[in-house]
Amino acid sequence: MLDIIIRDALDIVGRTERLIEASRRLLDSKSLGEVEMYELDYEIERLGDAVFVVDEAIRSLARAVECWPQTAPVHRTARRLH
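Procedures and definitions
Here the residue numbers are simple positions, counted from 1 along each chain's written sequence. Restriction of local features to residues with pLDDT of at least 70 applies here, the model being predicted, together with a cutoff of 80 or more for giving and counting side-chain atom pairs; totals for whole chains, interfaces and linings are based on all residues. Excluded from the side-chain calculations are hydrogens and water; all other atoms, namely the structure's heavy atoms, are used. One speaks of a salt bridge when a side-chain nitrogen belonging to Lys or Arg is within 4 Å of a carboxyl oxygen belonging to Asp or Glu. Each helix corresponds to a stretch of at least 4 residues labelled H or I by DSSP, and each strand to a stretch of at least 2 residues labelled E; elements are numbered beginning at the N terminus. Relative accessibility under 20% of the residue-type maximum defines a buried residue, over 50% an exposed one, and the middle range a partly exposed one, all with a 1.4 Å probe and only protein chains included. Definition used in this section: a nonpolar core is a set of buried Ala, Val, Leu, Ile, Met, Phe, Trp, Tyr and Cys residues joined via side-chain atoms within 4.5 Å. Here, residues are in contact when the closest pair of their heavy atoms is within 4.5 Å. For a helix, the expected span equals 1.5 Å multiplied by the residue count minus one.

1. Description of the pattern of salt bridges
Here's step 1: Under the definition given, this model contains five salt bridges.
Here's step 2: The partner of arginine 24 in a salt bridge is glutamate 21, and the shortest N-O contact between them spans 3.3 Å. A residue pair is termed a helical-turn pair when its members lie 3 or 4 positions apart in one helix, as arginine 24 and glutamate 21 do in helix α1 (residues 2-29) at three residues.
Here's step 3: A relative accessible area of 34% means that arginine 24 is categorised as partly exposed.
Here's step 4: Note that aspartate 55 and arginine 59 form a salt bridge whose closest N and O atoms lie 3.1 Å from each other. Residue aspartate 55 and its partner arginine 59 are both found in helix α2 (residues 34-81); the two are separated by four residues, about one turn of the helix.
Here's step 5: You can call aspartate 55 buried: its relative accessible area is 13%.
Here's step 6: Overall, the relative accessible area of 40% leaves arginine 59 in the partly exposed class.
Here's step 7: Salt bridges linked by common partners bring Glu21, Arg24 and Glu45 together as one network.

2. What about the environment of phenylalanine 52?
Here's step 1: With respect to the element layout, phenylalanine 52 can be found in helix α2.
Here's step 2: Among the residues examined, phenylalanine 52 registers a relative accessible area of 54% and is labelled exposed.

3. Observations concerning the environment of isoleucine 12
Here's step 1: Within the element layout of this structure, isoleucine 12 appears in helix α1.
Here's step 2: A relative accessible area of 54% places isoleucine 12 in the exposed class.
Here's step 3: In this structure the C-alpha to C-alpha distance between isoleucine 12 and aspartate 55, which are 43 residues apart in sequence, comes to 9.5 Å.

4. Regarding the nonpolar core
Here's step 1: Counting nine residues, the largest nonpolar core consists of Ile6, Ala9, Val13, Ile20, Leu27, Ile44, Val51, Ile58 and Ala62.
Here's step 2: For this core, the leading source of residues is α1, giving five residues.
Here's step 3: In this structure, isoleucine 20 is in contact with Ile44, Leu47, Gly48 and Val51, ignoring residues within four places of it in sequence.

5. Points about α1
Here's step 1: With 28 residues, α1 extends 41 Å from end C-alpha to end C-alpha; this agrees with the ideal 40 Å at 1.5 Å per step.
Here's step 2: Within the sequence span of α1, burial applies to Ile6, Ala9, Val13, Gly14, Thr16, Ile20, Ser23 and Leu27.
Here's step 3: One or two residues past the end of α1 sits lysine 30, with phi positive at roughly 60°.

What follows is the structure in structure tokens.
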């Protein structure tokens, strides 16, 4: 279940990164007005920051999930000792 969540979340991150790049190309084309260009640039920056945070969280979750099979027996043993 978690592997599906991680895979889908990474797919969303990839799609969002492609959207950011397409938006930057639109900005470079200079077909927008000055105010529209500023607003789009601002939103691209905010979206980029959000994608970075989500990407880091997903990768952290993936690393944690990879360690679960190794730590589960140790945790069960420690709980029995208490």
